[in-house]
There are 2 protein chains.
Amino acid sequence: MEKIVKQTLLYDFYGELLTIRQRQVYESVVLEDCSLSEVAEELSISRQGVHDMIRRCNQALEDYEQKLHLVERFVELRGKVKKISVLADEAGIPEITAICSEVLEEL
Amino acid sequence: MEKIVKQTLLYDFYGELLTIRQRQVYESVVLEDCSLSEVAEELSISRQGVHDMIRRCNQALEDYEQKLHLVERFVELRGKVKKISVLADEAGIPEITAICSEVLEEL
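Source: prediction; values computed, not measured. In this convention, every chain numbers its residues from 1, walking through the sequence in written order. Written order decides the labels, with chains lettered from A and ligands numbered from 1. Local features are withheld for residues below a pLDDT of 70 in this predicted model, meaning they are given only at 70 or higher, and side-chain atom pairs are given and counted only at 80 or more; totals for whole chains, interfaces and linings count all residues.

J.: Any chance you could explain the relation of the copies chain B and chain A here in plain terms?
T.: There are two copies of the chain, and a rotation about an axis plus a shift along that axis relates them. Take chain B, turn it by 180°, move it 0.0 Å along the axis, and it overlays chain A with an RMSD of 0.1 Å. The transformation relating the two chain copies, once decomposed into turn and shift, fits a two-fold axis. The fit set for superposing copies consists of C-alpha atoms from residues with pLDDT of at least 70 in both; the fit itself is least squares.

So, in structure tokens, the structure goes:
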């Protein structure tokens, strides 16, 4: 999986377990692609400080994944629901296709 | 949802985030239905100590759920996959039924 996709998924699942400040920094740098210097200036901390926070966030998110495996389970599950959706399309059962779409939107 | 079912689901999802000692106590008292006194004696702590640990575990598990909503999402998802399975059965598409069974086993 591409690194940014993985990071986004990890953040989707476990981001709420980070502190508000960690979330701010993570969202700015990793998800919105702001530069370390920009974020450092905004929060009045050093560039190295921002860098360290991102490293610690990534570590925390990876630790949660290692314990709960939600991203792994999610990717697998998504694949299976997509398979069902294709089969339902082929067989022409729109009720199943509709439920699959609902599930995929929520996942 | 019945309290014990809820507690079991919460523990299934977030148990790994508790400490080893918390897990021991939680499994003995809540999942295996041992008495507080039994567990207290086994771990050489007071009955009240066991009681407090369970209370703190329940609080921690509830806090994780409030942040991540995994149990809620899981119950909803399970319901939808079961619906797909019934529809696939009715329409006679064993490939879909098989994938549903796989998903339900993993969920």
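J.: Explanation requested: helix α5 (residues 70-91) of chain B in the structure shown.
T.: Three- or four-residue spacings in an α-helix give side chains the same orientation, since the helix completes a turn every 3.6 residues. All names here are of chain B. Strands here mean DSSP runs of E at least two residues long; helices mean DSSP runs of H or I at least four residues long; both are numbered from the N terminus. Given a helix with a known number of residues, its expected span is that number minus one, times 1.5 Å. Between the first and last C-alpha of α5 there are 31 Å, a value that for 22 residues agrees with the 32 Å anticipated at 1.5 Å per step. Of all the residues in α5, the buried ones are Val71, Leu77, Val81, Ile84, Ser85 and Ala88. Taken end-on, α5 shows its buried residues confined to a sector of 135°, consistent with a single buried face. Of the exposed residues in α5, those oriented more than 90 degrees away from the buried face are Glu72, Gly79, Val86 and Glu90. Phi for Gly92, located one or two positions after α5, is positive at around 70°. Each residue is classed by its C-beta neighbour count within 10 Å, where at least 20 other C-beta atoms makes it buried, 12 or fewer makes it exposed, and intermediate counts make it partly exposed; the C-beta atoms are placed from backbone geometry. Here the arc refers to the directions that run from the helix axis out to each C-beta atom.

J.: Got a minute to help me understand the interface of chain B and chain A in this structure?
T.: As a measure of interface size, the accessible area lost when the parts come together is often cited. Note that contacts rest on C-beta atoms placed from the backbone: two residues are in contact if these are within 7 Å. Taken together, the contact pairs 18 residues of chain B with 18 residues of chain A. For the side of chain B that touches chain A, the secondary-structure elements that each account for two or more residues are α4 (47-68), α5 and α6 (94-106) of chain B. When residues in the side of chain B that touches chain A are grouped by element, the largest group, 7 residues, is from α5(B).

J.: I'm lost on the domain arrangement of chain A in this one. Help?
T.: Split into domains, chain A comes out as domain 1 (3-68) and domain 2 (73-106). Domain start and stop positions are those given by an automatic or database domain assignment. When each unit is reduced to the centre of its C-alpha atoms, the spacing between domain 1 of chain A and domain 2 of chain A is 32 Å.

J.: When you look at the packing of helix α3 (residues 36-43) of chain A against helix α4 (residues 47-68) of chain A in this model, what are you seeing that I'm missing?
T.: When two helices pack together, their arrangement is captured by the angle between the axes and the distance separating the axes. Residue and element names in this part refer to chain A. It is the contact of α3 with α4, at a shortest axis distance of 8 Å, that shows an interaxial angle of 105°. Taken as axis vectors, α3 and α4 run roughly perpendicular relative to one another. Of α4, the residues touching α3 (which contributes Leu36, Ser37, Val39 and Ala40) are Arg47, Gly49, Val50 and His51. The angle between two axes is taken between their N-to-C directions and runs from 0 to 180 degrees, where each axis is a line fitted to C-alpha atoms and a helix contributes only its stretch in contact. Angles are sorted into four bins: roughly parallel if under 35 degrees, roughly antiparallel if over 145, roughly perpendicular if 65 to 115, and oblique for all others.

J.: Is there a simple way to think about unusual backbone geometry in this case?
T.: With glycine set apart, most residues show a phi of negative sign, and most peptide bonds adopt trans. You will see that A:Ser44, though not glycine, has its phi angle at about 55°, which is positive. Exposure remark for A:Ser44: the 7 C-beta atoms within 10 Å place this residue in the exposed category. Positive phi, close to 60°, is recorded for B:Asp33, a residue that is not glycine. Positionally, B:Asp33 belongs in the loop between α2 (20-31) and α3 (36-43). A residue is classified by how many C-beta atoms lie within 10 Å of it, and B:Asp33, with 8 of them, is exposed.

J.: How should I be thinking about the packing of helix α6 (residues 94-106) of chain A against α5(B) in this particular structure?
T.: Running from N to C, α6(A) and α5(B) point in directions that differ by 165°, and their axes come no closer than 10 Å. Considering the angle they form, α6(A) stands roughly antiparallel to α5(B). The crossing of α6(A) and α5(B) is left-handed. Contacts between α6(A) and α5(B) involve A:Glu95, A:Ile96, A:Ile99, A:Glu102 and A:Val103 from the former and B:Leu77, B:Lys80, B:Lys83, B:Ile84, B:Leu87 and B:Ala88 from the latter. By definition, turning the near helix anticlockwise from the far helix through less than a right angle yields a left-handed crossing, and turning it clockwise yields a right-handed one.

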